[in-house]
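Overview (structure and organization)
Okay, here's what each chain looks like letter by letter:
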Amino acid sequence: MDYGENHVMVPHRASMTYGLVKAYGLLADMDLLREYLAVLRSITPDTYKNDASSRKQAQLCKLGVVRDKRDGCWTEDNPVIDDLWDHCRRYAGGSLAAARALASGAYDVGINWSGGLHHACEGAAHGFCYVNDVVVAIRTLLGAFRRVRYVDIDAHHGDGVQAAFLRERRVMTVSFHQYDAATRFFPGTGAAEDCGGEAAGTGDERYHEMFGPIMERVMGVFQPDAVVLQCGADSLAGDRIAGLRLSVRGHAQCVRLLRGYGVPLLLLGGGGYTINHVASCWCYETAVAIGKEIPDDIPQHWFQHYYQSQGYKLHYCHEAAGRRKGGSTTTTGHMIKTKKTVMDHL
Ligand code: ZLV
Ligand code: CA
Ligand code: ZN
């Protein structure tokens, strides 16, 4: 970078200073903070492993830092993976493109099943999420629409999106999630008193006893001009890490209901860890979004073998899917209290 040969401003002086500071050995007593996106762009599994300075920068951004032993293997929530920057650009770029298409007025529904990575914070990765494509999409929509509603049916609390818009009156965020103060189900935030909704242990019926009325109240009070729905599929029955018990139809009912409000709708992915269930759900929701009926029998295609355990049916019958949990009155009482807390707040 150069202002011109005779200009007095010479940006190169900062690099010279860095060279001199380094030559004096002063860096050993300092932390070098690089902008988060620059770290994301440059870090590789190789530099993370072999270069102490790169590793330290990455760890300050919560990349590769949280380790846990599961099933006998060490794992990290936000590993430094091959082509990390490319991965971020692709999923965030998809949400950005879909939001721009809605903002242009040419479309009334947009879909990016690779998006919905709702935990990422301003300068750090969090909960498998490196950049927050939901925030990028909502900011894009705010360029064209006055008020944007965000609804999050992932089993985890949409904390990153909530934090980004806490002080923005044109955005209202609502997350339904599994919440347990005792076990601190990840990320441990989003109690009903924070004016969120929690939906622990629910099948379709109980979930929708909350979802429908809360949506109706929220649509009435806030009157959004566009809605973003994060469709995390870890709220489905039989998920590998979460304990909610929605059926594919129950999950898709959220899409159907919000589509019915007739405002532009952006559908994003999110969590979902039993991958044949996830693909079944998001395919069915694609059909719901475009208003087409599709048969239950999964057609022959490249990934067919993934669906053997569900008898090649889209609407797999997981034993607990959609049913009430053994008539537990405590859960019912708890749900009624949660619903009242949320409704009173609205
Ligand atoms: O679905 O993790 O519990 C959107 C989303 O909402 C934790 N992480 C962290 C906090 C300290 N722990 C331990 C770190 C574990 C690292 C590896 C796993 C590996 C194998 C199987 C399950 C997990 C796992 N990690 C389960 N739950 C976690 C959460 C993060 C959940 C993020 C949900 C993301 C995409
Ligand atoms: Ca959620
Ligand atoms: Zn999740």
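For clarity, every value in this text was computed on a predicted model and none was experimentally measured. (Residues numbered from 1 in each chain as written. Chains lettered and ligands numbered in written order. Predicted model: local features only at pLDDT ≥ 70, side-chain atom pairs only at ≥ 80, totals over all residues. Heavy atoms only, no water.)

**What to know about the packing of helix α5 (residues 84-103) against helix α6 (residues 133-142)**
Threshold: Lines fitted to C-alpha atoms define the axes, with helix axes restricted to the stretch in contact, and inter-axis angles between N-to-C directions lie between 0 and 180 degrees. Under the DSSP-based scheme used, a helix requires at least four consecutive residues in state H or I and a strand at least two consecutive residues in state E, with every element numbered from the N terminus. Note on angle classes: values under 35 degrees are labelled roughly parallel, values over 145 roughly antiparallel, values of 65 to 115 roughly perpendicular, and the remainder oblique. Less than a right angle of anticlockwise turn of the near helix away from the far helix marks a crossing as left-handed, whereas a clockwise turn marks it as right-handed. Here a residue-residue contact requires only that any non-hydrogen atoms of the pair lie within 4.5 Å. Only Asp, Glu, Lys and Arg are considered charged in this grouping, and only Ala, Val, Leu, Ile, Met, Phe, Trp, Tyr, Cys and Pro are considered nonpolar; every other residue, Gly among them, is considered polar.
Relative orientation of the contacting elements α5 and α6 amounts to 20°, with a least axis distance of 8 Å. When the axes of α5 and α6 are compared, the pair comes out roughly parallel. Crossing angle aside, the handedness with which α5 passes α6 is right-handed. Here α5 contributes Y91, A92, S95, L96, A99, R100, L102 and A103 to the contact with α6, which in turn contributes D133, V136, A137, T140 and L141. Each residue belonging to the contact of α5 with α6 can be placed in one class, and the counts come to nine nonpolar, two polar and two charged.

**A word on the environment of V151**
For V151, the location among the structural elements is in strand β4 (residues 148-152). Ignoring any residue separated from it by four or fewer positions in sequence, one finds V151 in contact with V174, F211, M215, V227, V228, L229, Q230 and L258.

**Notes on the confidence of the model for the protein**
Here is the rule: Known as pLDDT, the predictor's confidence for each residue is given on a scale from 0 to 100.
For the protein, the average pLDDT comes to 90, and 93% of its residues sit at 70 or higher. Contacts from residues 324-330, a stretch scored under 50 in pLDDT, to residues over four places away or in other chains number nine contacts. Here the predicted complex carries an ipTM of 0.97, next to a pTM of 0.89.

**Notes on the side chain of Q230**
Spelled out, the test is: Think of a polar contact as two N or O atoms within 3.5 Å of one another; within protein, one of them needs to be a possible hydrogen donor and the other a possible acceptor, and neighboring residues in sequence only count if both atoms come from side chains.
Tracing the sequence through the fold places Q230 in strand β7 (residues 226-230). Of note is the side chain of Q230, whose polar atom sits 3.3 Å from the side chain of D154.

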